[in-house]
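Residue-level structure breakdown
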Amino acid sequence: QVQLVESGGGLVQAGGSLTLSCAASGHTFSRYAMGWFRQAPGKEREFVAGISRNGGRTNYADSVKGRFTISRDNAKNLVYLQMNSLKPEDTALYYCAADTSVGQSSYPAPRSLREYDWWGQGTQVTVSS
């Protein structure tokens, strides 16, 4: 069982920045590909960013590319999402997720939420215009 706890959400003005953190339980964090997803009211949950097991490969949704940065610290069981130049359309509940399937350490994290088997409770990000 993997427990994921997100933090760092809040209210920010458009153009501002926030950094989300996700703390994972267990001793095998480095074996998990990690992803950030978000869900706005009335919309489906969507992929935001992913990072490979060793942190060497990252991928992003087109809507956040160049503004968001995902990173991880395997020694501390943490994954981060640095969000810059925030827009009102970034307002959503942000979720951290773990893909615990067996895979190569450098293989990119999946974009499909169906590939992830553990999820956090989410942290709210609200961007005012």
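Just above, that's the structure.
Here we summarise the structure given alongside this text.

1. Concerning the state of the cysteines
Each disulfide consists of one covalent bond between the sulfur atoms belonging to two cysteines. Here the structure, examined in full by the defined rule, presents 1 disulfide. Between cysteine 22 and cysteine 96 runs a disulfide, and the two sulfur atoms are separated by 2.1 Å. Disulfide cysteine 22-cysteine 96: torsion about the S-S bond near -75°, hence left-handed. One end of the pair, cysteine 22, is in strand 3 (residues 18-24); the other, cysteine 96, is in strand 9 (residues 92-99), with 74 residues separating them in the sequence. Judged on exposure class, the residue cysteine 22 and its partner cysteine 96 are both buried.

2. Observations regarding the side chain of asparagine 59
Tracing the backbone shows asparagine 59 in strand 6 (residues 58-60). For asparagine 59, a relative accessible area of 12% gives the class buried. A polar contact of 3.0 Å, which involves the side chain of asparagine 59, links it to the backbone oxygen of alanine 109. Once residues within four sequence positions are removed from consideration, asparagine 59 is found in contact with Phe47, Val48, Ala49, Gly50, Ile51, Pro108, Ala109 and Arg111.

3. Some details on the pattern of salt bridges
The tally for this structure, following the rule as stated, stands at 5 salt bridges. Among the salt bridges present, the one from aspartate 99 reaches arginine 53, with a minimum N-O distance of 3.8 Å. Taken together, the residues aspartate 99 in strand 9 and arginine 53 in the loop between strand 5 (46-51) and strand 6 connect sequence positions 46 residues apart. Residues aspartate 99 and arginine 53 agree in their burial class; the two are buried.

4. Some points on the packing of aromatic side chains
Applying the stated criterion across every chain yields a total of 6 aromatic pairs. The rings of Phe37, Phe47, Tyr95, Tyr116 and Trp119 are connected pair by pair, giving a single aromatic cluster. Taking the ring centre of tyrosine 95 as reference, the NZ or CZ of arginine 45 above it sits at 3.7 Å. Arginine 45 extends its terminal NZ or CZ atom over the ring of tryptophan 119, reaching a point 4.9 Å from the ring centre.

Each value, and the rule that gives it
Residues numbered from 1 in each chain as written. Predicted model: local features only at pLDDT ≥ 70, side-chain atom pairs only at ≥ 80, totals over all residues. Heavy atoms only, no water. Disulfide = S-S within 2.5 Å. Helix = DSSP H or I, 4+ residues; strand = E, 2+ residues; numbered from the N terminus. Buried < 20%, exposed > 50% of the residue type's maximum accessible area, 1.4 Å probe, protein only. Polar contact = N/O pair within 3.5 Å; in protein donor to acceptor, adjacent residues only side chain to side chain. Contact = heavy atoms within 4.5 Å. Salt bridge = Lys/Arg side-chain N within 4 Å of Asp/Glu carboxyl O. Phe/Tyr/Trp six-rings, centres within 6.5 Å; stacked < 30°, edge-to-face > 60°. Lys NZ or Arg CZ within 6 Å of the ring centre and 35° of its normal.

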